[in-house]
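A look at the structure
If you want the building blocks of each chain, they are given just below.
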Amino acid sequence: MTIGQEFDFFADQLLDGAVAEFKATEQYKLLQEKLEQMDRDCDTMLREEEKVFAVECFELIMDVDGQEESYVYRKAFKDCVMLLKRLGVLA
């Protein structure tokens, strides 16, 4: 495994842990309740073809958000290391 692959694995593990911690919060539970209500509203307010389109849109949005989340987490991690090096905390 290369250094880059090790970093990616390490960053993925940290991100997974952070996501798991967030999912244990009250804020996440409230967001899930809102999503469930939105899903119920879509079932009652939209025709079948509109529901299919809405589901596709939401899936794409969630996929993009997940990729953005991963990128930002890794970038912040790298920026933090760079800052600690400049401050002389890390060699």
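A brief look at the structure comes next.

Rules used in this analysis
- All residue numbers refer to positions counted from 1 along the written sequence of the respective chain.
- For this predicted model, a pLDDT threshold of at least 70 governs which residues receive local features, and a threshold of 80 or more governs which side-chain atom pairs are given and counted, while totals over whole chains, interfaces and linings are taken from all residues.
- Side-chain numbers here rest on the full set of heavy atoms in the structure, without hydrogens or water.
- Numbering of helices and strands runs from the N terminus, with a helix taken as a DSSP run of H or I at least four residues long and a strand as a DSSP run of E at least two residues long.
- Computation of the radius of gyration draws on C-alpha atoms, with the globule rule given as 2.2 Å multiplied by the number of residues to the power 0.38.
- Burial classes: relative accessible area under 20% of the type maximum marks a residue as buried, over 50% as exposed, and values in between as partly exposed (1.4 Å probe, protein chains only).
- Per-residue accessibility takes into account occlusion by the displayed protein chains alone, with areas from the Shrake-Rupley method and a 1.4 Å probe.
- Positive charge is attributed to Lys and Arg, negative charge to Asp and Glu, and no charge count is given to His or to the chain ends.
- A charge is said to be at NZ when it belongs to Lys, at CZ for Arg, at CG for Asp and at CD for Glu.
- Note on definitions: salt bridges are taken to be side-chain nitrogens of Lys or Arg within 4 Å of carboxyl oxygens of Asp or Glu.

Focus: the overall build of the chain
On a plain count of helices and strands, the chain comes out with 3 helices and 0 strands. Along the chain, helices (α) and strands (β) appear in the sequence α-α-α when read from the amino end. For 91 residues, the compact-globule formula gives about 12 Å, and the C-alpha radius of gyration of the chain, at 19 Å, lies well above that figure. Seen through its C-alpha atoms, the chain measures out along the principal axes to roughly 60 × 30 × 20 Å. The proportion of buried residues among the 91 residues of the chain is 9%. Carbon and sulfur atoms make up 62% of the accessible area of the chain, which amounts to about 7,700 Å² in all. Averaging the positions of the 11 positive and the 21 negative side-chain charges in the chain gives two centres separated by 7 Å.

Let's talk about the pattern of salt bridges
In total, this model carries 6 salt bridges according to the counting rule given. The residue R74 makes a salt bridge to D8 at a minimum N-O spacing of 2.9 Å. Of this pair, R74 sits in helix α3 (residues 48–86) while D8 sits in helix α1 (residues 3–23), and the two are 66 residues apart along the sequence. Owing to a relative accessible area of 37%, D8 belongs among the partly exposed residues under this scheme.

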